Amino acid sequence: MKNRIVIGTRGSKLALWQAEWIKSELQKLYPGLEVELNKIKTTGDKILDVPLAKVGGKGLFVKEIEEALFKNEADIAVHSMKDVPTDFPEGLHLPVITKREDPRDAFITTVRLPLTKGGIRGGIKSFRDLPHGATIGTSSLRRSCQLLNIRPDLKIEQLRGNLDTRLRKLDEGQFDAIILAAAGVKRLGLSEKITEMLPPEVSLPAVGQGAVGIECRTDDEPINNLIKPLNHNGTSVCVKAERTFLRRLEGGCQVPIAGYARVVDSNELRVTSNKSGNRASINSSLVTRHSLLIMDGLVGSISGDRIIRCHIEGNPEDAESLGIKLAEDILARGGKEILDDVYGRT
């Protein structure tokens, strides 16, 4: 077994938190292991004044780190799964996906409600409470599409930069509210700043959101064996279904696409559904013979005036075929026309 490895990571506070977490998990497994972090600035970190959809999307956050893997300047790369393209360069793969943090989007605002007749100023509890024409900051077409579908009066403006930068811009009054991935906010200990956790019915999460993946060289057997225990089966199955869904849609950052899968216990599901009908509240971490994979996906227009949303359920062992089937259902119901329009295809 190797006694020293190098982790390739972006240099943002969140990326470093994730890399340090993987480092600590590895050292719990292998107490004598020496782990070094190689901080790499990616193209996506350098271009902050242009929407991601216009400069290439997801690959911008992994390309330079993958180059470090090829040059043996890193043994593994730690990624936020929502930033990882669905296809890998030959010689690299993603053998590990760790247990998922909360996949939802977080709504954060500093806006206060007007004074009531009794002189009481209540706080906004939901994005629906925002005043007409409020400005929301987000760099995600997926988020803006879904929020505009519910509140077409909102003004969506581009928000780039790391989490601290985005929160600072909100505090400076550049936006009335911002939308962030809840996982990152929680991992950095800033949960108290969250005004509302947006339910999937309001803002369906991005593919892979909340999950951390480990990429490495395919033929590096010692490294593959070293990191294998960190894989979380339930999360891996769900993210595999989501990424297959995205691949079938040939989707990128230029179009609003969302996909969220979860593994539930089918027996518990029936009991809970009979009581409350809220299936999304159950989230099993294990895949057993009683497990059921349920998944929602959507494709929307950039303006938010049209959204095609579909649902599928099936055996977790069929994760990839379920992802493909869900994508094809959306395409058949009008998603193809939306994608063709966004990409300028005839």
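Heads up: the structure comes first, above all this text.
Residues numbered from 1 in each chain as written. Predicted model: local features only at pLDDT ≥ 70, side-chain atom pairs only at ≥ 80, totals over all residues. Heavy atoms only, no water.

Visitor: Would you mind going over the overall build of the chain with me for this structure?
Guide: Check the secondary structure of the chain and you find 11 helices and 15 strands. Out of the 346 residues in the chain, the part that is buried amounts to 53%. Across the chain, contacts joining residues at least 24 apart in sequence account for 69% of those joining residues at least 6 apart. Taken as a whole, the chain presents about 16100 Å² of accessible surface, with 48% of it coming from carbon and sulfur. (Helix = DSSP H or I, 4+ residues; strand = E, 2+ residues; numbered from the N terminus. Buried < 20%, exposed > 50% of the residue type's maximum accessible area, 1.4 Å probe, protein only. Contact = heavy atoms within 4.5 Å. Areas by Shrake-Rupley, 256 points an atom, 1.4 Å probe, with all protein chains shown as cover.)

Visitor: Looking at this model, I keep getting lost on the environment of Arg100. Mind explaining?
Guide: Looking at the element boundaries, Arg100 is found in the loop between β4 (92-97) and β5 (105-109). Using a relative accessible area of 17% as the deciding quantity, one classes Arg100 as buried. Once the C-alpha coordinates of Arg100 and Gly208 are considered, the two residues, 108 residues apart in sequence, prove to be 8.8 Å apart. Arg100 has contacts with Ala206, Gly208, Gln209, Gly210, Ala211, Thr235, Cys238, Val239, Glu242, Tyr260 and Ala261, leaving out every residue within four places of it along the chain. A distance of 2.8 Å separates a polar side-chain atom of Arg100 from the backbone oxygen of Gln209. (Polar contact = N/O pair within 3.5 Å; in protein donor to acceptor, adjacent residues only side chain to side chain.)

Visitor: How should I be thinking about the environment of His132 in this particular structure?
Guide: Inspection of the secondary structure puts His132 in the loop between β7 (121-123) and β8 (135-137). A relative accessible area of 72% means that His132 is categorised as exposed. Between the C-alpha atom of His132 and that of Leu154, which follows or precedes it by 22 residues, the distance is 6.8 Å. For His132, the contacting residues outside a window of four places in its chain are Arg151 and Asp153.

Visitor: Help me understand the pairing of strand β2 (residues 34-39), please; the structure alone is not making it clear to me.
Guide: Two faces belong to every sheet, and in a regular strand the side chains alternate between them. In this sheet, β2 lies alongside strand β1 (residues 4-9) in parallel orientation, the contact comprising 6 bridges. Note that in β2 the partner of Val6 across the bridge is Glu36. (Pairing = 2+ DSSP bridges.)

Visitor: Honestly, helix α6 (residues 163-171) in this entry has me stumped. Any pointers?
Guide: Helical geometry note: an α-helix holds 3.6 residues per turn, so side chains three or four residues apart project in the same direction. Buried within α6 we find Leu163, Arg166, Leu167 and Leu170. Down the axis, α6 shows its buried residues gathered within 95° of arc, on one side only. Of the surrounding secondary structure, the elements contacted by the buried residues of α6 are β5, β10 (177-181) and α7 (182-187). Capping of α6 at its N-terminal end is provided by Asn162; its side-chain oxygen lies 3.2 Å from the backbone amide nitrogen of Asp164. (Arc of directions from axis to C-beta.)

Visitor: What's the story with unusual backbone geometry in this structure? I'm lost.
Guide: What is expected of a backbone is that most residues other than glycine have negative phi and most peptide bonds are trans. The phi angle at Asn72 is positive, at roughly 60°, despite the residue not being glycine. Exposure remark for Asn72: the relative accessible area of 56% places this residue in the exposed category.

Visitor: What is the right way to look at the sheet that holds strand β15 (residues 307-314) in this model?
Guide: Whenever strands of a sheet pair, they do so through backbone hydrogen bonds, lying parallel or antiparallel. Within the open sheet, the 3 strands sit side by side as β13-β14-β15. Their pairing is antiparallel. Strand pairing shows two members of the sheet lacking a second neighbour, β13 (257-265) and β15, which therefore form its edges. Taken pair by pair, the neighbouring strands of this sheet meet at an average axis angle of 10°, ignoring direction. Two strands pair when backbone bridges link them, and strand β14 (residues 291-300) and β15 are joined in this way by 8 bridges, in the antiparallel orientation. (Axes fitted to C-alpha atoms, helices over the stretch in contact; angles between N-to-C directions.)

Visitor: Even after reading the chapter, I still don't get the nonpolar core, so can you show me in this structure?
Guide: Looking at soluble globular proteins, one finds that nonpolar side chains tend to be buried together. Core analysis: the largest hydrophobic core is formed by 25 residues, its most contacted members being Phe245, Leu249, Ile257, Leu293, Met295, Val299 and Leu339. Breaking this core down by element, the ones donating at least two residues are α9 (233-249), β13, β14, β15 and α11 (319-343). When residues of this core are assigned to their parent elements, the largest contribution, 8 residues, is made by α11. Those residues in contact with Ile257 that sit more than four places away from it in its chain are Arg142, Phe245, Leu246, Leu249, Gly251, Leu298, Val299 and Leu339. By size, the runner-up hydrophobic cluster in this structure holds 20 residues, among which are Ile7, Leu37, Ile214 and Leu230. (Core = buried A, V, L, I, M, F, W, Y, C linked by side-chain atoms within 4.5 Å.)

Visitor: How should I be thinking about the packing of aromatic side chains in this particular structure?
Guide: Two numbers describe a pair of aromatic rings. These are the distance of the centres and the angle of the planes. For the structure shown, the criterion picks out 2 aromatic pairs. Ring geometry for Trp17 against Trp21: centres 6.1 Å apart, planes inclined by 15°, an arrangement best described as stacked. Highlighted residues: Trp17 and Trp21, both in helix α1 (residues 13-29), separated by 4 residues, approximately one helical turn. The class of Trp21 is partly exposed, set by a relative accessible area of 26%. Aromatic pair Phe107 and Phe127: ring centres 6.4 Å apart, planes at 70°, arrangement edge-to-face. Residue Phe107 is found in strand β5, and its partner Phe127 is found in the loop between β7 and β8; the two are separated by 20 residues along the sequence. When sorted by exposure, Phe107 lands in the same class as Phe127, which is buried. (Phe/Tyr/Trp six-rings, centres within 6.5 Å; stacked < 30°, edge-to-face > 60°.)

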